[in-house]
Amino acid sequence: EIYNEPLQVSWSNVIKPYAEAVIGEIRAIDPDNLIVVGTPAWSQNVDEAAQNPISRYKNIAYTLHFYAGTHKADLRAKAQTALDRGIALFVTEWGAVNADGDGGVNSGETNTWMNFLKTNNISHANWALNDKKEGASFLNVGASATGGWNDSNLTESGKLVAGIIRGWPGVKTTTGPSSSSSSSSSSSSSSSSSSSSSSSSSSSSSSSSSGKSSSSSSSSSSSSSSSSGSNNSNGGGAVAGAMGLGDGLALLLLAPLAWRRKARK
């Protein structure tokens, strides 16, 4: 992802030319890996990108971000417009709370979003694998930095997200008394002849100076490691067994600008 959450700037005059310049340099040494491009207004106006997509390069997806407490049917309508115009979307950041990263979990709207992503085979990654005292955090304050988590270590959002992942079609998980592992299988996201999204599972992590705040991703084009499952339609079941660090590294995507958390209008 080459441009995280562009502000309210022009797609055609600012974001697209920048992206094409960067993509050109990437394609000179890497001809076919997936490249994800941010969209205007904190990666919400995907419909604008769909009006004038990048056509010079293949295997390009476009970023959509949402927070279920703030972004609802209107944003899904923009996403549907973009899909109908033939571009691939990748939700590289979403939350079950408000757009400032805090507030209570909106389980109903989260499940509506997850159903939308399932229907359209859109990969996604949840914010955030950390123990910060805010609604979007997966872990309660003081949770171990090395895993072994159980239900008591998870926030309301964490329990919801864990249930989503474990129930997502194509995701295989195993659970043990002190650790468990999670992986996702690959498939394809929405695409057109000029813009298609395909990615293999990957994992990365980043720790804060406290050693207790990290985020990472393991996702494939139709089942990402931070996804809602059919066994979690009630908005958040309990997590069976303890969770290891490996689960954490398979849960959530590192947002490139972890320090920024402001409400998206």
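Residues numbered from 1 in each chain as written. Predicted model: local features only at pLDDT ≥ 70, side-chain atom pairs only at ≥ 80, totals over all residues. Heavy atoms only, no water.

**Here we look at the overall build of the protein chain**
The secondary structure content of the protein chain amounts to 7 helices and 10 strands. Going through the 265 residues of the protein chain one by one, you find that 54% of them count as buried. Entry remark: accessible area of the protein chain is about 10,500 Å², with carbon and sulfur atoms responsible for 49%. (Helix = DSSP H or I, 4+ residues; strand = E, 2+ residues; numbered from the N terminus. Buried < 20%, exposed > 50% of the residue type's maximum accessible area, 1.4 Å probe, protein only. Areas by Shrake-Rupley, 256 points an atom, 1.4 Å probe, with all protein chains shown as cover.)

**A few points about the packing of aromatic side chains**
This model, assessed by the stated rule, comprises 5 aromatic pairs. A centroid spacing of 5.8 Å and a plane angle of 15° characterise the contact between F66 and W94, whose relative ring orientation is stacked. Placement of F66 in strand β2 (residues 60–67) and of W94 in strand β3 (residues 88–95) is noted, with a sequence separation of 28 residues between them. There is no split in this pair, since F66 and W94 are both buried. (Phe/Tyr/Trp six-rings, centres within 6.5 Å; stacked < 30°, edge-to-face > 60°.)

**A short note on unusual backbone geometry**
Put simply, W127 and A128 share a cis peptide bond, and its omega is 10°. Looking at where A128 falls in the secondary structure, it is placed in the loop between β4 (124–126) and β5 (147–149). Its identity as a non-glycine residue notwithstanding, E5 has a phi of 45°, on the positive side. The residue E5 is located in the segment before α1 (11–29) in this model. You can call E5 buried: its relative accessible area is 5%. A positive phi is found at A41, a non-glycine position, where the angle reads about 60°. Mapped onto the fold, A41 is located in helix α2 (residues 40–43).

**Brief notes about the confidence of the model for the protein chain**
Put simply, the protein chain has an average pLDDT of 76, and 65% of its residues get 70 or more. Between residues 176–242, whose pLDDT stays under 50, and residues either more than four places distant or in other chains, the model counts 233 contacts. Scored below 50 in pLDDT, residues 245–265 makes 80 contacts in the model with residues more than four places away or belonging to other chains. (pLDDT = per-residue confidence, 0-100. Contact = heavy atoms within 4.5 Å.)

**Topic: the pattern of salt bridges**
Counting across every chain of the model gives 3 salt bridges. The salt bridge partner of R76 is E109, with a shortest N-O separation of 2.6 Å. With R76 in helix α4 (residues 73–84) and E109 in helix α5 (residues 107–119), the pair connects residues that are 33 residues apart, well separated along the chain. Residues R76 and E109 agree in their burial class; the two are buried. (Salt bridge = Lys/Arg side-chain N within 4 Å of Asp/Glu carboxyl O.)

**What to know about the packing of α4 against α5**
Across the interface, α4 lies against α5 with an axial gap of 11 Å and an inter-helix angle of 5°. Classified by the angle their axes make, α4 and α5 are roughly parallel. Residues A73, L75, R76, A79, Q80 and L83 of α4 lie in contact with α5, whose contacting residues are E109, T112, W113 and F116. Broken down by class, the residue content of the contact of α4 with α5 amounts to 6 nonpolar, 2 polar and 2 charged. (Axes fitted to C-alpha atoms, helices over the stretch in contact; angles between N-to-C directions. Parallel < 35°, antiparallel > 145°, perpendicular 65-115°, else oblique. Nonpolar A, V, L, I, M, F, W, Y, C, P; charged D, E, K, R; others polar.)

**A few points about the nonpolar core**
Grouped together as the largest cluster of nonpolar side chains are 51 residues, with contacts concentrated most on I23, V37, I54, Y62 and L89. Looking at this core, the elements that each hand over two or more residues are α1, β1 (35–37), α3 (46–51), β2, α4, β3, α5 and α6 (156–166). Once residues lying within four places of it in the same chain are set aside, the contact partners of I23 are I2, I35, V37, I54, Y57 and I60. By size, the runner-up hydrophobic cluster in this structure holds 5 residues, among which are V36, A61, A88 and F90. (Core = buried A, V, L, I, M, F, W, Y, C linked by side-chain atoms within 4.5 Å.)

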